[in-house]
Every structure is written in C-alpha cells, then in structure tokens.
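Here's the letter readout for the chains.
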Amino acid sequence: RAEELGYKVLVAEGSPIVLKIIVSGHIDGILGVACLNVLEKAIDKVLIAGVPSYAIPLHSGDCKNTTLDEPWVWDVLDKYEPLPAPQTKSYVPLMRSANRLFDAEFERLLPRVRTQGERRASAPRSVQSLEAAASQSSRNGNGTGGGTDREADASRSPLALTEHLAYDWLANGGKRFRPFMTLAAFDAVTGGKATSAGRDGDEAIAVSDGTGRVSMAIEAFHKASLIHDDIEDDDLYRYGRETLHRRYDLGTAINVGDYLIGLGYRLVNSARGEIGAEAAGDIVERMAAAHVKLCDGQGAEMAWQKSPDLALTPLDALQIYALKTSPAFEAALYAGLRMAGPTTAYDEMLPVFARHLGVGFQVLNDLKDWHGDGNNKLIAGQDALALRPTVLLAFALEAANGRQRQELEAIYANGTDAAPLRLGRLRRLFEELRVFEKAESLVDKSRVRAEALADDVEPDELRELLYFLVDTVLAPEEHEGDAAHPADSKVLVPLPIAAAR
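About the thresholds
- Starting from 1, residues in each chain are numbered consecutively following that chain's sequence as written.
- Reporting of local features is limited, given that this is a predicted model, to residues whose pLDDT is at least 70; pairs of side-chain atoms are given and counted only at 80 or more, and all residues count toward the totals for whole chains, interfaces and linings.
- Note that the side-chain values use all heavy atoms of the structure and ignore hydrogens as well as water.
- Here a helix means four or more residues in a row that DSSP labels H or I, a strand means two or more in a row labelled E, and each is numbered from the N terminus.
- Throughout, exposure labels follow a simple rule: accessible area from a 1.4 Å probe, protein chains only, divided by the maximum for the residue type, with under 20% read as buried, over 50% as exposed, and the rest as partly exposed.
- The contact rule is simple, with two residues in contact once any of their heavy atoms fall within 4.5 Å.
- The convention used is that axes are lines fitted to C-alpha atoms, helices contributing only their stretch in contact, and that angles between N-to-C directions extend from 0 to 180 degrees.
- Note on angle classes: values under 35 degrees are labelled roughly parallel, values over 145 roughly antiparallel, values of 65 to 115 roughly perpendicular, and the remainder oblique.
- Residue polarity follows a fixed list, in which Ala, Val, Leu, Ile, Met, Phe, Trp, Tyr, Cys and Pro are nonpolar, Asp, Glu, Lys and Arg are charged, and the others, Gly among them, are polar.
- Polar contact is defined as a pair of N or O atoms within 3.5 Å, subject to the rule that within protein one atom must be able to donate a hydrogen and the other to accept it, and that residues adjacent in sequence are counted only when both atoms are side-chain atoms.

A. Looking closely at the environment of Val-207. Residue position: Val-207 is located in the loop between helix 8 (177-188) and helix 9 (209-233). The exposure class assigned to Val-207 is partly exposed, which follows from its relative accessible area of 27%. For the pair Val-207 and Asp-187, spaced 20 residues apart in sequence, the C-alpha to C-alpha distance is 9.7 Å. Those residues in contact with Val-207, other than ones at most four positions away along the chain, are Ser-97, Leu-101, Leu-183 and Gly-212.

B. Main features of the packing of helix 13 (residues 277-306) against helix 15 (residues 326-340). Running from amino to carboxyl end, helix 13 crosses helix 15 at an angle of 175°, the nearest separation of the two axes being 9 Å. Accordingly, the angle class assigned to the pair helix 13 and helix 15 is roughly antiparallel. Packed against helix 13, whose contacting residues are Glu-278, Ala-279, Asp-282, Ile-283, Arg-286, Met-287, Ala-290 and Lys-293, the element helix 15 presents Pro-327, Ala-328, Glu-330, Ala-331, Tyr-334, Ala-335, Arg-338 and Met-339 at the interface. Tallied by class, residues from the contact of helix 13 with helix 15 come to 10 nonpolar, no polar and 6 charged.

C. Layout of the environment of Glu-70. Looking at the element boundaries, Glu-70 is found in helix 3 (residues 70-76). By relative accessible area, which is 46% here, Glu-70 ends up partly exposed. Separated by 14 residues in the primary sequence, Glu-70 and Ile-56 place their C-alpha atoms 9.8 Å from one another. One polar contact links Glu-70 to Trp-74, side chain to side chain, over a distance of 3.0 Å.

So far we have only geometry, and geometry alone does not tell us how the molecule works.
Below you can see the structure in the form of structure tokens.
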C-alpha cells in the first residue's frame, strides 16, 4: 500500500542513513517506524532537513524482539501535513549543490584536456588493456581485478588514460561532505541565504563558478590522499569497488593520485578572478599545510607499523589522528570562510574545532572497522589485524595486565593463525579491557568540546553550521547490535553448516 501511495520503502538503520536518503533525492515526507532510541537520533537530522515527518515507535526498545502497532501505521500512511511556517533551516540544498558540482556542473567547471568532449568517462583502449590484464591475472591466481562494461566509442589514445581514471575517481564515490563544508561555511558568513530558502529551495542552490571550483579542489585533494592511503595500507576496497592499485597496478594508482593533486591546485588558481588572488593564495597555503600534516601523520603510522612499539599510548595515537584527519576539515571550512573575507575572528577557534572533529571522526572509524564498512573497506577487522596504531590498541595496552599483554603480543606475533580466529581473540580482549566503551566515551568528549567551541561563534548561521557538523560527523553508526559489539565474541570462527536435503 505504501508503494502504491508513492513511498520508497526501505529498511534503513540509523540517522546517517536517513540523512543520506534525504540528500540523494527530493523527499516530500517521511514515515519512520523504529525503536524509540533510533527515532530520537534520526529526528534531529530530519528536522534540519526541513522534511515533514511522522514517527511510530515500536512497542519495545529492544529492536530485536518487539511488535508493531499496525493500525497506527494504517492510520497515518496516507496523511500529509506540510510543516507550518516559519520553515526549518535546511542544509539539504547545499548538500545537493555539492553533489551537483560533480554531476551536472562537473565537465563545465573542470574541462577535460586530453579527452575533450568525452562527457561520461568512457574507458580508453589503454584502460581496457589494463582491465583485461587484471582480469586475466585474477583468473591465473596472480591477483585481483576484473573488467567493467565499456562503451563502444572508447578513446584509443594512451594519453587519455590518466585523465580518464582521475576524472572518474573524482566524479564518482564518496559523500561530497568536504565540498559541502566549504559551500556551507561560505553561505554561513554571507547571510545564510541558501539554508533559509525553505521548502521552495529544497533543490540545489546555484553557486558561483569560483566558489564551486574551490570546493571541488577540496575533494580533489581528499580523493588523492585516499588513493595514496589505500596503496600504503594495501586496502582492498574503496567506495564498494576495488582500490585503484589493485584494480590496475601500483604505478597507475600513484600517478592518478598525483594527477588529482595537480587538478586541485589548478581549480583553486582558476578561481582567482572571482575570489581574488590574495584569497586564492591563502587557501592554497592552508591546503598545502593540511597536505603536509596529513603526510606527517601517515608517515608516523607507517613508521610505527614497520617497528611496532607496544608502549603506544592513547596520546600517541590521538596525535597521529590529529595530523591525518583534522587538517582536511580545517582546510574545507577555512576555504569557505576565506572566500567570504578575512578570517581573523576564527583563527584560534578553527584549528581546535577541526582537531576535535577529526579525532572523534577517526575514533568512530576505528569502531566501524569492527563491523566492516559497506562504503569502503567491506572487511571487518582489517585495521585491527594490520597492527595500525589505533587508539583502541593503545587503550588495550594501557589497561592490560601481564597475562593480557602477553596474549595481545601473541595475537600479533602469530600471523599463521586464521584471521577470523585472531580477530575473535582480539575482540574478546578488547571487551575484557572495556576498550570499545572507552573509545565511545572519547567520541562523546570530542563532541562536547567541539560544541563548546561553537557556542561562542558568531554569526548565528556559522554557529548552527558547526553544531550541525558535530551532529553529522560524530553521529554514531547504527548496526545490528552496536558498534562495540557487532557479533558474539564467544563464537571465534563461524562454522559451516550443511543443510539436509
């Protein structure tokens, strides 16, 4: 019946999923049926989006063994009541504007050089050859890979290879959250018109070419760092598909990452005429500083992995986090603020706010590693088994007694044991040492400290944006069970069961 009325019926847990659905298309209204605690977390995002909604709680907060008041659902299924004036401020138009930069406006704002007129990244002959080789390698047991559907009119020039791959990587995948941050910061200190547009402004808001190109540059730098990070960590998946270095080869992936860095600087420079040469120079300087800090943090992580020191402290891990993640958030916000004018009023607040936001985000990412990530790595426990200097490991080392420390060392020393077995033992130890609880508490502290900084920020529009970023970036992921206990740790290895015929 809901589908007949025009609903899109989805099973989706957690407020981040709700927000993603709202951003992805025009939503006239939402009927949410879930546990009360899930509805409470989702409702804030729905209100920010300004979408008329109705929430029906399940009878129990258990989320597993509960019942539904079906007559209540039937009673409200065909109701639609628009929100009364004044309209709730909404960030959805700017989120859609950020997505539009990489869709409808992409080719115009970032014209191709080697493949002019190639509207949708059709794979050149050299790409086809690489894909065929990767597929053959996979069949021979020498690697992973596989081809994709290719358009018949693909370019034949090898000069098109790098541009094609870089444009495809930049245009596809990811949430476009950093470009959104730049657009939203600019809007917040120039009157907040985009967020105050009301229901009539739910579609993407037009942004100037200069502002759009700077926002795209933020994404180009981010995507370049992801390619290089995947190489350094030998990750298998990104955005639900194989990482570039595994799909093609190491040299190709490095080159595409370098190419994206060049595109980022070209995009900022091309905005000079609109935003001013001085502002462009300041933005380039801040982006370069962010890039250097990122490399410092990634370098520290790799150095630790090569010579693991089990004297790792939580402070050590947090310093790496602050270098790896926070500068990108800072640069994204700074770019939007600087395009609007001087940033003196925010010079002290911005780096500290970004640090709390970035550290909290990275800790959440550590927790996410324990249940896998459909958007990126897909394999649960990958970071843990790779002996990366995470704050989770640091908490475990700090709290472990002699026996537990010996067991930790044995888990990492004995690489011949099956990965699921080692992961199960590690999860059990982390639970004994209350590592997951400590990590969640650390995220809460990051959230509180970031909000405290936002409390004193002017104008109101910028303060509200900072609150929104805290709520969104540091929103806990909802999964079956919880982030800390995604599976029963008593079952170390799933046993295959043959069904009787």
